[in-house]
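The residues making up each chain are set out below.
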Protein chains: 2
Amino acid sequence: MKMSDRKKRILQIVVDEYINSAVPVSSKAITEKHLTDVSSATVRNELASLEELGYLTQFHTSGGRVPSPQAYRFYIEELMQRGNLSSADLDYISEAFSNKTGDVEHLIRSVANVISDLTDYTSVAVGPNAEEERIRSMTLLPCGDGRALLVIITGSRILRDNFIEIPETMSDADVGNASSMLCKLFCGKALSEAREVETAALGEFGQYRQVMAEVIEALKSYARPREEDIVLAGAEKIFNHPEYEDIGNVKNFLSVISSKDKIAEIVGDEDDEIQINVKIGSSEDKDMPDDCSVVTATYSAGGKNLGTYGVIGPIRMDYSKVIAVLENVGKVLEELVNGKNKEKKEKDHE
Amino acid sequence: MKMSDRKKRILQIVVDEYINSAVPVSSKAITEKHLTDVSSATVRNELASLEELGYLTQFHTSGGRVPSPQAYRFYIEELMQRGNLSSADLDYISEAFSNKTGDVEHLIRSVANVISDLTDYTSVAVGPNAEEERIRSMTLLPCGDGRALLVIITGSRILRDNFIEIPETMSDADVGNASSMLCKLFCGKALSEAREVETAALGEFGQYRQVMAEVIEALKSYARPREEDIVLAGAEKIFNHPEYEDIGNVKNFLSVISSKDKIAEIVGDEDDEIQINVKIGSSEDKDMPDDCSVVTATYSAGGKNLGTYGVIGPIRMDYSKVIAVLENVGKVLEELVNGKNKEKKEKDHE
DNA sequence: TGTTAGCACTCATTGCCTTCAAGTGCTAAC
DNA sequence: GTTAGCACTTGAAGGCAATGAGTGCTAACA
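What you are looking at is a predicted structure, and each value in this text was computed from that prediction instead of being measured.

Procedures and definitions
- Residues numbered from 1 in each chain as written.
- Chains lettered and ligands numbered in written order.
- Predicted model: local features only at pLDDT ≥ 70, side-chain atom pairs only at ≥ 80, totals over all residues.
- Heavy atoms only, no water.
- Helix = DSSP H or I, 4+ residues; strand = E, 2+ residues; numbered from the N terminus.
- Buried < 20%, exposed > 50% of the residue type's maximum accessible area, 1.4 Å probe, protein only.
- Pairing = 2+ DSSP bridges.
- Near = heavy atom within 4 Å.
- Polar contact = N/O pair within 3.5 Å; in protein donor to acceptor, adjacent residues only side chain to side chain.
- Nonpolar A, V, L, I, M, F, W, Y, C, P; charged D, E, K, R; others polar.
- Contact = heavy atoms within 4.5 Å.
- Buried area = accessible area lost by both parts, 1.4 Å probe.
- Salt bridge = Lys/Arg side-chain N within 4 Å of Asp/Glu carboxyl O.
- Arc of directions from axis to C-beta.
- Least-squares fit on C-alpha atoms with pLDDT ≥ 70 in both.
- Axes fitted to C-alpha atoms, helices over the stretch in contact; angles between N-to-C directions.
- Parallel < 35°, antiparallel > 145°, perpendicular 65-115°, else oblique.

*Asks:* What is the right way to look at unusual backbone geometry in this model?
*Replies:* A negative phi angle characterises most non-glycine residues, just as the trans form characterises most peptide bonds. All names here are of chain A. Residue Ala22 is not a glycine yet carries a positive backbone phi of 65°. Position of Ala22 relative to the elements: it lies in the loop between α1 (5-21) and α2 (27-33). Judged by relative accessible area, Ala22 falls into the partly exposed class, the value being 22%. The backbone of Asp120 sits at a positive phi, close to 70°, despite the residue not being glycine.

*Asks:* Is there a simple way to explain the pairing of strand β5 (residues 147-154) of chain A in this structure?
*Replies:* Taken residue by residue, a regular strand's side chains alternate between the two faces of the sheet. Residue and element names in this part refer to chain A. Among the 8 residues that make up β5, 8 are buried, leaving the element largely enclosed by the rest of the structure. Where strand β4 (residues 135-142) lies against β5, 7 bridges are found, and the strand directions are antiparallel. Opposite Leu140, over in β5, you have Leu150 as the bridge partner. Between β4 and β5, which pair antiparallel and follow one another directly, the connecting turn spans 4 residues, one of which, Gly144, has a positive phi of 75°.

*Asks:* What is the right way to look at the protein's contact with DNA strand C in this model?
*Replies:* With respect to spatial proximity, 19 residues lie near DNA strand C, and among them Ser27(A), Arg65(A), Arg6(B), Thr42(B) and Thr61(B) are the closest. Between DNA strand C and Arg6(B), the relevant distance is 2.9 Å, taken from a phosphate oxygen to a side-chain nitrogen or oxygen of the residue. At a separation of 3.4 Å, a base oxygen of DNA strand C approaches a polar side-chain atom of Ser62(B). Broken down by class, the residue content of the surface near DNA strand C amounts to 2 nonpolar, 12 polar and 5 charged.

*Asks:* Is there a simple way to think about the interface of chain B and chain A in this case?
*Replies:* For an interface, size is often stated in terms of accessible area lost upon the parts coming together. With 36 residues of chain B at the contact, the number on the chain A side is 38 residues. Summing both partners gives a buried area of about 3,200 Å² for chain B against chain A, and 64% of it is carried by carbon and sulfur. Connecting chain B to chain A are 3 salt bridges. Residues Glu227(A) and Arg109(B) are paired through a salt bridge, measuring 3.6 Å at the closest nitrogen-oxygen approach. Across the contact surface, chain B and chain A share 4 residue pairs in polar contact (both at pLDDT 80 or more). Elements with a contribution of two residues or more to the side of chain B that touches chain A: β4 (135-142), β5 (147-154), β6 (158-165), α10 (247-257) and α12 (319-349) of chain B. At 5 residues, β4(B) tops the list of elements feeding residues into the side of chain B that touches chain A. Within the side of chain B that touches chain A, the residues separate by chemical class into 14 nonpolar, 6 polar and 16 charged.

*Asks:* Can you walk me through helix α10 (residues 247-257) of chain A in this structure?
*Replies:* For the α-helix, the turn length of 3.6 residues means that residues three or four positions removed from each other point alike. Of all the residues in α10(A), the buried ones are Val250(A), Phe253(A), Leu254(A), Val256(A) and Ile257(A). Buried residues of α10(A), seen end-on, are gathered within an arc of 160° and therefore sit on one face of the element. In this fold, the buried residues of α10(A) make contact with β3 (122-126), β7 (230-233), α11 (260-268), β9 (292-301) and β10 (304-314) of chain A together with α10 of chain B. Residue Asp246(A) occupies the N-cap position of α10(A), its side-chain oxygen lying 2.8 Å from the main-chain nitrogen of Gly248(A).

*Asks:* I tried to follow the relation of the copies chain B and chain A on my own but got confused; where do I start?
*Replies:* Superposing the two chain copies requires a rotation about an axis and a translation along that axis. It takes a turn of 180° to lay chain B on chain A, together with a shift of 0.1 Å along the axis; the resulting RMSD is 0.5 Å. Such a combination of turn and shift is consistent with a two-fold rotation axis. Residues of chain B ranked by C-alpha distance from the rotation axis are headed by Ile247(B), positioned 3.1 Å from it. Here 94% of the interface residues in chain B have copies in chain A that are interface residues too; the copies meet face to matching face.

*Asks:* Even after reading the chapter, I still don't get the packing of α10(A) against α11(A), so can you show me in this structure?
*Replies:* Two numbers describe a pair of packed helices, the interaxial angle and the distance between the axes. Residues and elements named next belong to chain A. Contact pair α10 / α11: the axes reach a minimum separation of 6 Å and the direction vectors enclose 90°. Relative to α11, the element α10 is oriented roughly perpendicular. For the pair formed by α10 and α11, the contact residues are Ser255, Val256 and Ile257 on the first element and Lys262, Ile263 and Ile266 on the second. Among the residues forming the contact of α10 with α11, the class breakdown is 4 nonpolar, 1 polar and 1 charged.

Okay, structure coming up:
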């Protein structure tokens, strides 16, 4: 069966209405508020047909219709009005990032907060993959107790730190030497390249050998996102949505968002090509609760990955608003990063 | 009215029963399970009297009695059986900390997890105040873009979240010099002392003056506990307790625990003299929900403050178990830290 | 004077019934 | 293809009686 234009229009009305009201939509409501030129009986026929096509479901015969996950997908792709943000919202975004300095950890947190505030959903964020970041500096700082702290700084000020065991025989000066040796070896390389240095080849490093092996071990731990790079904002926002008056749903939701692993799983496996990604219900990700959707966007600017950001909330989500927020935050972020680069380049030219 | 021994015994039974069952306790239940030598009528008289004294309340005439906050306080101080942990629990604790390396941030998280797992409540932890920690090393690492990262290593932690603006005119070597100058100036001092160095007195530092001023500014940010030092574990555990089948309670609870500020407030204002601290209901802390209790302990070992740890949960909390867990975790932690010190001293002697 | 049996009373819970309203599906007419 | 009309379904809400747990009070007892 082909989808007539009227069917599409009706489906759009149902989804819009349901997103707004959280109440199953009846034929009467449709003809009264939107399609005033046909009768409710006509709409009823169309609704029955849309139900057959799998776009709508009914809880019980006398209860109006509710969109299925399939309907939401279709809605997002074809039917949704792509809204723009109010200028107040836009101002809020630019202001929030206006004087952001510091490293990515802080940036991630601010972005998550802004997204949660504007959308009224719980937001999730996973920092950029450090894999391809080039190492700017690598330092070993002795800190007593036979240990040294390995600090790695990369281009976007991602820093990683690990403790390295230092042999008793190494003096602080030795550690300093090892440190500059490390820097010579690894600076300018990407983390992923650095990691691949063969441990065996390090035999020649004499007394530093053990230290070097540990450094490589540490580098391996950077393959996965760190706990600190997975953040959550506005968890309490779910209570603003009626589906979470049910304790069971809250339970499911909380069990997911209180595990960083699960968040990483849900947000993580992005296809970098697609800017906005929508997952609806549990069918698309085993870690997701049945009644949840996740909308994420992966940001980048100046060729640099800035991380993946998004919201998690009920399937009945205001996709239009959420997508608008994600897009605009992305834009501002990009301008910010590029603007800074530009500024810097201009300075360099003087 | 004086509390007879029998009254105390009955009150103890009521609180124990209620903590176990979450069901209001009736006179019949008491005489059947515990006080078999008196009749329920006698117990009824006592219950009425305990109610008059403010220890018990009734929701309705035919509903059994429930302890009041006052009863819990009395129970904790005088009535509670101070239980010991099972050997399985004790093993679990020792194992959890057996190979903990790394800085305080990691320690805080493990401790919070252990406490939450053993008590089945949500646990909260606020790391030790960095104020009195002695600075072991202080380093400025250049990271391009006119910035350097200030890394401070103290006895038990690494502080590395302040970027310092570096004047264009400073080369990396200059930054290195500034770095060693900082170290000379501040190493061995406590953070709180270091912070008090007069900015004005730094005029003599020439081109480093601005940098020095910024470093002092940065030091000031460590006066309050940092967000990273306030952690939460097992948020989803509240659903294991029947009071949180009510969505309103969950809402209150979540609104508190999703704000680090509020957690710090509730956990924070400890009297260091008292090892275990119990707050029951909202009367003791305006930030706390009416129906919540918080039990915390401030740990220290070898003269060093290790932070404040505890659980937050319903007023009807298994105080005996919670306190036992907190005490034992404290002991193991102390042994761990002292053990290490001892080990180290022995090594130093060789 | 403290304890207890007995009994009337209170009140939440449960199940059952009715009524009500919302919404549908179907049919026949347009 | 559209629509009016109507029977049918179903959840929500309200009333009502039965149930049962638990209490408070009184009078008798040791």
